[in-house]
Amino acid sequence: MNLEMQQFKAEFFKALAHPLRIRILELLAEGDKNVNEIQTLVGSEGSAVSQQLTILRAKNIVSGTKEGNKVIYTLKDPMIVELLAVARQIFNNHLVDTITILDKFRDEDEEVMTTPKK
């Protein structure tokens with residue numbers, strides 16, 4: 001069972017491992033959208049968006065429902081919204097760590113520059 005769970009997680013994160021797919025998920029977190037809406041919002045050509053939606057559908061991350069001549073896409077699991085928020089928090093934590101390190105280097109450099117030479 002553990003191996004199956006690890007395999008699921010690996011495949012799941014592989015499906016998320018593309019900036020355009022992440023952007024699509026962020027847009028769908030705001031509400032359901034059709035391909036044209038997604039294309040407009042991401043500023044990408046149709047084939048690229050459709051290709052990424054196909055991958056997300058194949059991994060059961062989004063679903064599409066045909067309404068007239070349009071397919072409306074939605075997140076399959078609302079926890080995706082939470083996952084994206086956690087990823088943003090992790091990113092922010094990394095930024096804070098990096099800024100702290102840079103501040104420390106800057107302080108050390110200023111100290112070296114202001115210390116009188118003997």
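Under an unreviewed UniProt entry, the name given to the protein chain is ArsR family transcriptional regulator, and the source organism is Neobacillus niacini.

A. Structural context of helix α3 (residues 35-42). Every buried residue of α3 is listed here: V35, I38 and Q39. Viewed end-on, α3 has its buried residues packed into an arc of 100 degrees, placing them on one side of the element. At its buried positions, α3 is contacted by α2 (19-30), β1 (33-34), α4 (46-58) and β3 (70-75). The N-terminus of α3 is capped by N34, whose side-chain oxygen sits 2.9 Å from the backbone nitrogen of N36. Positive phi shows up at G43, right after α3, with a value of about 70 degrees.

B. How the structure looks around the packing of α2 against α4. Closest axis-to-axis distance for the α2/α4 pair is 10 Å, and the angle between their directions is 80 degrees. Taken together, the axes of α2 and α4 lie roughly perpendicular to each other. From α2, L20, R21, I24 and L25 reach across to α4, where they touch A48, V49, Q52, L53, I55 and L56. Taken together, the residues of the contact of α2 with α4 break down into eight nonpolar, one polar and one charged.

C. Broad picture of the domain arrangement of the protein chain. Taken as a whole, the protein chain is organised into domain 1 (1-76) and domain 2 (78-117). The gap between the C-alpha centroids of domain 1 and domain 2 is 31 Å. Between domain 1 and domain 2 the total buried area reaches about 590 Å² when both faces are included, carbon and sulfur atoms providing 86% of it. Counting across the domain 1 and domain 2 interface gives one salt bridge. A salt bridge links E26 to R88; the nearest nitrogen and oxygen atoms lie 3.9 Å apart. Counting the contacts that link domain 1 with domain 2 gives zero residue pairs in polar contact (both at pLDDT 80 or more). Secondary-structure elements contributing two or more residues to the side of domain 1 that touches domain 2 are α1 (2-16) and α2. Counting residues per element, the side of domain 1 that touches domain 2 draws most heavily on α2, at four residues. Along the lines of polarity and charge, the residues of the side of domain 1 that touches domain 2 split into eight nonpolar, no polar and two charged.

D. Molecular detail of the sheet that holds β3. If you walk across this open sheet you meet the three strands as β1-β3-β2, and the pairing is antiparallel. The sheet terminates laterally at β1 and β2 (62-67), the two strands that pair on one side only. Judged from the six bridges that link them, β2 and β3 form a sheet pairing that is antiparallel. By the bridge assignment for β3, G64 is matched with Y73. In the packing of α2 onto the sheet, the strands contacted are β1, β2 and β3, and the crossing angle to β3 comes to about 90 degrees.

E. Layout of the packing of aromatic side chains. In this structure the tally under the stated criterion is two aromatic pairs. Each ring, one from F8 and one from F12, has its centre 5.9 Å from the other, and the planes form 20 degrees; the classification is stacked. Placement of both F8 and F12 in helix α1 is noted, with a separation of four residues, approximately one turn of the helix. Given a relative accessible area of 52%, F8 falls into the exposed group. Since its relative accessible area comes to 18%, F12 is described here as buried. An aromatic cluster is present here, built from F8, F12 and F13 joined pairwise through their rings.

Analysis parameters
- Residues numbered from 1 in each chain as written.
- Predicted model: local features only at pLDDT ≥ 70, side-chain atom pairs only at ≥ 80, totals over all residues.
- Heavy atoms only, no water.
- Buried < 20%, exposed > 50% of the residue type's maximum accessible area, 1.4 Å probe, protein only.
- Helix = DSSP H or I, 4+ residues; strand = E, 2+ residues; numbered from the N terminus.
- Arc of directions from axis to C-beta.
- Contact = heavy atoms within 4.5 Å.
- Polar contact = N/O pair within 3.5 Å; in protein donor to acceptor, adjacent residues only side chain to side chain.
- Axes fitted to C-alpha atoms, helices over the stretch in contact; angles between N-to-C directions.
- Parallel < 35°, antiparallel > 145°, perpendicular 65-115°, else oblique.
- Nonpolar A, V, L, I, M, F, W, Y, C, P; charged D, E, K, R; others polar.
- Domains from an automatic or database assignment.
- Buried area = accessible area lost by both parts, 1.4 Å probe.
- Salt bridge = Lys/Arg side-chain N within 4 Å of Asp/Glu carboxyl O.
- Pairing = 2+ DSSP bridges.
- Phe/Tyr/Trp six-rings, centres within 6.5 Å; stacked < 30°, edge-to-face > 60°.

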